[in-house]
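For reference, the chains in residue letters:
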Amino acid sequence: QVQLMESGGGSVQTGGSLTLSCAFSGSTTNSFCTGWFRQAPGKKREGVAVIASNGNTTYVDSVKGRFTISRDNAKRTLYLQMNNLRPEDAAMYYCAGTFLSEDLKDTVERYCIPREEYFGFWGQGTQVTVSS
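Residues numbered from 1 in each chain as written. Predicted model: local features only at pLDDT ≥ 70, side-chain atom pairs only at ≥ 80, totals over all residues. Heavy atoms only, no water.

A.B. asks: Which residues make up the overall build of the protein, and what are the values?
C.D. replies: Counting its regular elements, the protein contains one helix and 11 strands. In sequence order, the secondary structure elements of the protein are arranged as β-β-β-β-β-β-β-β-β-α-β-β. Relative to the compact-globule value of 14 Å for 132 residues, the protein shows a C-alpha radius of gyration of 14 Å, a close match. By sequence separation, contacts in the protein at least 24 residues apart represent 63% of the contacts at least 6 residues apart. For the protein, the computed accessible surface area is about 6,900 Å², with 46% contributed by carbon and sulfur atoms. Here the protein contributes 13 positive and 12 negative side-chain charges, whose respective centroids are spaced 4 Å apart. (Helix = DSSP H or I, 4+ residues; strand = E, 2+ residues; numbered from the N terminus. Rg over C-alpha atoms; globule rule 2.2 N^0.38 Å. Contact = heavy atoms within 4.5 Å. Areas by Shrake-Rupley, 256 points an atom, 1.4 Å probe, with all protein chains shown as cover. Lys, Arg positive; Asp, Glu negative; His and termini not counted. Charge placed at Lys NZ, Arg CZ, Asp CG, Glu CD.)

This is how it looks when you write it as structure tokens:
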């Protein structure tokens, strides 16, 4: 019903910046939670940041002050602006989303946090490498 496609991954040096994009298509709604997750080799996938349909954002502590999540509703595109990148930021980055009906808007927005179990649709991932 919903498809996601990440882009913008690449290789940067420590301290550099990179912007990731995630294009949504299919049966999206105006009641949603969308976000970014990442997985480094040998580690579990972890949440990075989320943004809900009401515009509220949540970041994990490790990226606060460095990453910014945003969206362009007209383009149905999610972004992650990453600044001051560190080697520990290197990972496969995935975008994800959950889209509910209007009557559940308050619920999906209130519980929009970077936890995997809250997301039903996932992209294929885009690789981010940070060189020291």
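Alright, that's what it looks like, and here's the rest.
A.B. asks: Before we move on, can you summarise the nonpolar core with the specific residues and values?
C.D. replies: Trp36, Leu80, Met82 and Tyr93 are the most contacted members of the largest nonpolar core, which totals 26 residues. Secondary structure elements with two or more residues in this core: β1 (2–7), β3 (18–26), β4 (31–39), β5 (46–52), β7 (67–72), β8 (77–82), β9 (91–100) and β11 (126–131). Apart from the residues lying within four places of it in its own chain, the contact partners of Tyr93 are Glu6, Leu20, Trp36, Phe37, Arg38, Val48, Phe67, Leu80, Met82, Gly125, Thr126 and Val128. In terms of nonpolar packing, the next biggest core, distinct from the first, is built from eight residues, Phe37, Val50, Ala52 and Phe119 among them. (Core = buried A, V, L, I, M, F, W, Y, C linked by side-chain atoms within 4.5 Å. Buried < 20%, exposed > 50% of the residue type's maximum accessible area, 1.4 Å probe, protein only.)

A.B. asks: Any details on the layout of surface pockets? Residues and values, ideally.
C.D. replies: Within this model, the largest pocket holds a volume of roughly 160 Å³. Lining the largest pocket are 13 residues, and of these Phe24, Phe32, Asn73, Arg76 and Phe99 lie nearest its centre. Elements that contribute at least two residues to the lining of the largest pocket include exactly β4, β7 and β8. A breakdown of the residues in the lining of the largest pocket according to their chemical character gives four nonpolar, six polar and three charged. (1 Å grid on protein atoms, 1.4 Å probe; cavity = no way out; pocket = protein on both sides within 12 Å on 5 of 7 lines; lining within 4 Å. Points joined across faces, edges and corners; volume = space filled by probe spheres on them. Nonpolar A, V, L, I, M, F, W, Y, C, P; charged D, E, K, R; others polar.)

A.B. asks: Describe the packing of aromatic side chains, naming the residues involved and giving the relevant values.
C.D. replies: In the structure shown here, the tally under the stated rule is five aromatic pairs. On the numbers, 5.1 Å between centres and 80 degrees between planes, the contact of Phe37 with Phe119 is edge-to-face. Residue Phe37 is found in strand β4, and its partner Phe119 is found in the loop between α1 (105–110) and β10 (121–122); the two are separated by 82 residues along the sequence. A residue is classified by how much of its surface remains accessible, and Phe119, at 7% relative accessible area, is buried. Taken together, a centroid distance of 6.3 Å and an interplanar angle of 65 degrees make the contact between Phe119 and Trp122 edge-to-face. Given the relative accessible area of 24%, Trp122 is considered partly exposed. Through pairs of rings, three or more aromatic residues link up here, namely Phe24, Phe32 and Phe99. The residue whose ring lies beneath Arg45 is Tyr94, and the NZ or CZ to ring-centre distance is 5.0 Å. (Phe/Tyr/Trp six-rings, centres within 6.5 Å; stacked < 30°, edge-to-face > 60°. Lys NZ or Arg CZ within 6 Å of the ring centre and 35° of its normal.)

A.B. asks: Which residues make up the pairing of β3, and what values do they have?
C.D. replies: Both β1 and β3 contribute to a ladder of six bridges, which runs antiparallel. Note on β3: the bridge partner recorded for Met5 is Ala23. (Pairing = 2+ DSSP bridges.)

A.B. asks: Which residues make up the pattern of salt bridges, and what are the values?
C.D. replies: Evaluation of the coordinates by the stated rule reveals six salt bridges. The closest approach of N and O atoms between Arg38 and Glu46, which form a salt bridge, is 2.7 Å. Residue class for Glu46 comes out partly exposed when judged on its relative accessible area of 35%. Asp89 is paired through a salt bridge with Arg38; the nearest N and O atoms lie 2.9 Å apart. Of this pair, Asp89 sits in the loop between β8 and β9 while Arg38 sits in strand β4, placing them 51 residues apart in sequence. The class of Asp89 is buried, set by a relative accessible area of 0%. Several salt bridges converge on common partners, so that one network encompasses Arg38, Glu46, Arg66 and Asp89. (Salt bridge = Lys/Arg side-chain N within 4 Å of Asp/Glu carboxyl O.)

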